[in-house]
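One-letter residues, chain by chain:
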2 protein chains.
Amino acid sequence: MITRDELSRVGLRLLADHGLADVSMRRVAKEFDVAVSALYWHVKDKQSLLGAMVDQLLTDLNVAPPTDNWRADLIGRAELLYAKLLDTRDAAELTASVLALGTGGTRMREVIDEVSPNTVTTDAIMSLLIGHATLNQQRMQAQALGIDVAPTTTTTFRQALDLLIGD
Amino acid sequence: MITRDELSRVGLRLLADHGLADVSMRRVAKEFDVAVSALYWHVKDKQSLLGAMVDQLLTDLNVAPPTDNWRADLIGRAELLYAKLLDTRDAAELTASVLALGTGGTRMREVIDEVSPNTVTTDAIMSLLIGHATLNQQRMQAQALGIDVAPTTTTTFRQALDLLIGD
DNA sequence: ACCTGAACACCGTTCAAGT
DNA sequence: ACCTGAACACCGTTCAAGT
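Throughout this description, residue numbers start from 1 for each chain and increase along the sequence as written. Chains and ligands are labelled by the order in which they are written, letters from A for the one and numbers from 1 for the other. A pLDDT threshold of at least 70 governs which residues receive local features in this predicted model, and a stricter bar of 80 or more applies before side-chain atom pairs are shown or counted, although totals over entire chains, interfaces and linings include all residues. Processing note: side-chain calculations cover all non-hydrogen atoms of the structure and skip hydrogens and water entirely.

Participant: Looking at this model, I keep getting lost on the domain arrangement of chain A. Mind explaining?
Facilitator: How big an interface is tends to be stated in terms of accessible area lost as the parts join. All names here are of chain A. Boundaries of every domain are those given by an automatic assignment or by a domain database. Here chain A is described as being made up of domain 1 (4–56) and domain 2 (63–165). The gap between the C-alpha centroids of domain 1 and domain 2 is 24 Å. Taken together, the two surfaces of domain 1 and domain 2 that pack against each other cover about 1000 Å², and 68% of this comes from carbon and sulfur. Reported buried area values correspond to the accessible surface (1.4 Å probe) lost by two parts on association, with both partners' losses combined. Area buried by domain 1 at its contact with domain 2 is led by Leu-20, Gln-47 and Val-54, which between them contribute 47% of it. Every case where a carboxyl oxygen of Asp or Glu lies within 4 Å of a side-chain nitrogen of Lys or Arg is listed as a salt bridge. Summed over the shared surface of domain 1 and domain 2, the number is 0 salt bridges. Definition of a polar contact: a pair of N or O atoms within 3.5 Å, with one able to donate and the other able to accept a hydrogen when the atoms are protein atoms, and with sequence-neighbouring residues admitted only if both atoms are side-chain atoms. Linking domain 1 to domain 2 there are 3 residue pairs in polar contact (both at pLDDT 80 or more). The secondary structure listing takes helices from DSSP runs of H or I that are at least 4 residues long and strands from runs of E that are at least 2 residues long, numbered from the N terminus. If you list the elements that add at least two residues to the side of domain 1 that touches domain 2, you get helix 1 (4–18) and helix 4 (46–59). Basically, the charged four are Asp, Glu, Lys and Arg, the nonpolar ten are Ala, Val, Leu, Ile, Met, Phe, Trp, Tyr, Cys and Pro, and anything else, Gly included, counts as polar. A class-by-class count of the residues in the side of domain 1 that touches domain 2 yields 6 nonpolar, 4 polar and 2 charged.

In structure tokens, the structure reads:
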């Protein structure tokens with residue numbers, strides 16, 4: 001039997017193993033051994049499945065409680081989220097699309113907002129997060145595959161963060 | 001007769017009028033009244049057509065020459081690029097994909113780099129640019145259609161820029 | 001050099017019909 | 001309540017064949 005939860009879990013597995021292009025309704029249906037049309041009883045459309053996948057992705061996120069140093073908190077959380085976008089294949093592209101269309105991923109903003117001094121900073125970090133992840137998609141793919149080119153991507157992101165938050 | 005230039009021009013018109021989803025090889029071919037396969041003589045694949053489109057988009061860009069105030073230059077150019085991403089439908093999504101896959105849009109980085117004090121700042125602004133544009137896709141669509149909600153998007157971007165560049 | 005036609009292997013979504 | 005089968009209207013890419 002199919003639950004909404006199992007659905008997004010299978011979607012995430014497909015994403016990790018074969019990339020976003022292979023997360024199709026037909027492919028997911030095949031994984032469950034049901035007809036494609038069966039999925040539409042559990043989920044409105046493909047976009048809402050993608051939304052559920054992002055929500056799932058951000059669920060098991062080990063967020064530390066706020067301390068009295070918001071700068072450190074902010075950097076820590078931003079790096080945590082960035083790492084999450086890094087370590088799953090095509091997670092950046094997926095999250096960008098879901099956030100853009102507003103079909104999920106609200107937790108991402110909440111995690112930042114909780115330790116952010118103001119809305120402008122939250123916005124800037126969100127933009128930096130998805131922009132940087134998107135632009136470094138290729139290098140990230142290599143990084144995720146193990147074979148790699150020093151932690152350039154992570155370092156660059158950290159530097160951009162410092163520039164933004166100042167001291 | 002079909003030139004690579006005409007190809008991307010038609011692609012951009014399709015983009016502006018119907019959105020990225022409607023920029024398909026088959027749709028472009030129909031516009032030229034040729035078979036789909038004909039396009040593959042002029043262009044390697046779809047991704048390279050999209051790359052050509054972004055290059056075209058960034059060609060007619062009225063970039064002011066550098067002054068002795070790099071902060072002002074940087075802000076001016078970033079806002080110019082942001083406006084460009086704003087005023088064509090789905091231009092943000094298109095540019096993001098093209099930059100991510102490295103199939104075009106190199107001029108964008110050059111425009112920033114020419115007045116940027118260092119690579120870190122260039123990277124950060126590029127990320128901010130495409131991240132902010134992507135995240136505000138919906139609001140941007142409304143903004144492009146005339147009907148709208150104050151210049152919120154532009155203001156927010158400007159604030160993020162200020163935060164990044166400091167004073 | 002440039003284009004056609006046909007094929008291949010896919011898509012997302014809907015909807016009557018079944019149990 | 002949950003699923004099937006079939007259809008609709010699409011995709012990108014390749015490739016032999018034509019002019």
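Participant: Can you help me understand the UniProt feature "domain: HTH tetR-type" (unreviewed entry) in chain A in this one?
Facilitator: UniProt positions are given in the numbering used here, feature names are shortened, and annotations may be inferred rather than shown by experiment. Mapped onto the present numbering, the UniProt feature "domain: HTH tetR-type" (unreviewed entry) falls on residues 1–61 of chain A. For residues 1–61 of chain A, the end-to-end C-alpha separation is 27 Å, with 72% helix and 0% strand making up the annotated structure.

Participant: Looking at this structure, I do not really get the interface of chain A and chain B. What am I missing?
Facilitator: Residue contacts follow a heavy-atom distance rule, with two residues in contact if any of their heavy atoms lie within 4.5 Å. Across the contact, 24 residues belong to chain A and 24 residues belong to chain B. Three residues stand out in chain A for area buried against chain B, namely A:Ala100, A:Leu135 and A:Leu163, and they jointly supply 27% of the buried area on that side. Our enumeration of links across chain A and chain B arrives at 0 residue pairs in polar contact (both at pLDDT 80 or more). Secondary structure elements with two or more residues in the side of chain A that touches chain B: helix 6 (91–101), helix 8 (119–135), helix 9 (137–144) and helix 10 (152–165) of chain A. For the side of chain A that touches chain B, the element with the most residues is helix 8 of chain A, which contributes 12 residues.

Participant: What's the story with the packing of helix 8 of chain A against helix 10 (residues 152–165) of chain B in this structure? I'm lost.
Facilitator: Two measures define how a pair of helices packs: the angle their axes make with one another and the distance between the axes. Two elements in contact, helix 8 of chain A and helix 10 of chain B, have axes separated by 9 Å at closest approach and are oriented at 85°. Classed by the angle they form, the pair helix 8 of chain A and helix 10 of chain B counts as roughly perpendicular. Note on element contacts: helix 10 of chain B touches helix 8 of chain A through B:Thr156, B:Gln159, B:Ala160 and B:Leu163, opposite A:Val120, A:Thr121, A:Asp123 and A:Ala124. A class-by-class count of the residues in the contact of helix 8 of chain A with helix 10 of chain B yields 4 nonpolar, 3 polar and 1 charged. Axis lines are fitted through C-alpha atoms, for helices just across the contact stretch, and the angle between N-to-C directions can take any value from 0 to 180 degrees. Any angle that falls under 35 degrees is termed roughly parallel, while one over 145 is termed roughly antiparallel, one within 65 to 115 roughly perpendicular, and all others oblique.

Participant: Which parts of the structure should I look at to understand the side chain of A:Ser116?
Facilitator: Residue and element names in this part refer to chain A. Structurally, Ser-116 can be placed in the loop between helix 7 (106–113) and helix 8. Three labels apply to residues, based on accessible area from a 1.4 Å probe with only protein chains included: buried if under 20% of the type maximum, exposed if over 50%, partly exposed otherwise in between. Among the residues examined, Ser-116 registers a relative accessible area of 14% and is labelled buried. Within the structure, the side chain of Ser-116 is placed 2.9 Å from the backbone oxygen of Asn-118, a separation counted as a polar contact. Engagement of the side chain of Ser-116 in a polar contact is seen with the side chain of Thr-122, the distance being 2.9 Å. Non-local contacts of Ser-116, meaning those with residues more than four positions away in its chain, are made with Leu-74, Thr-121 and Thr-122.

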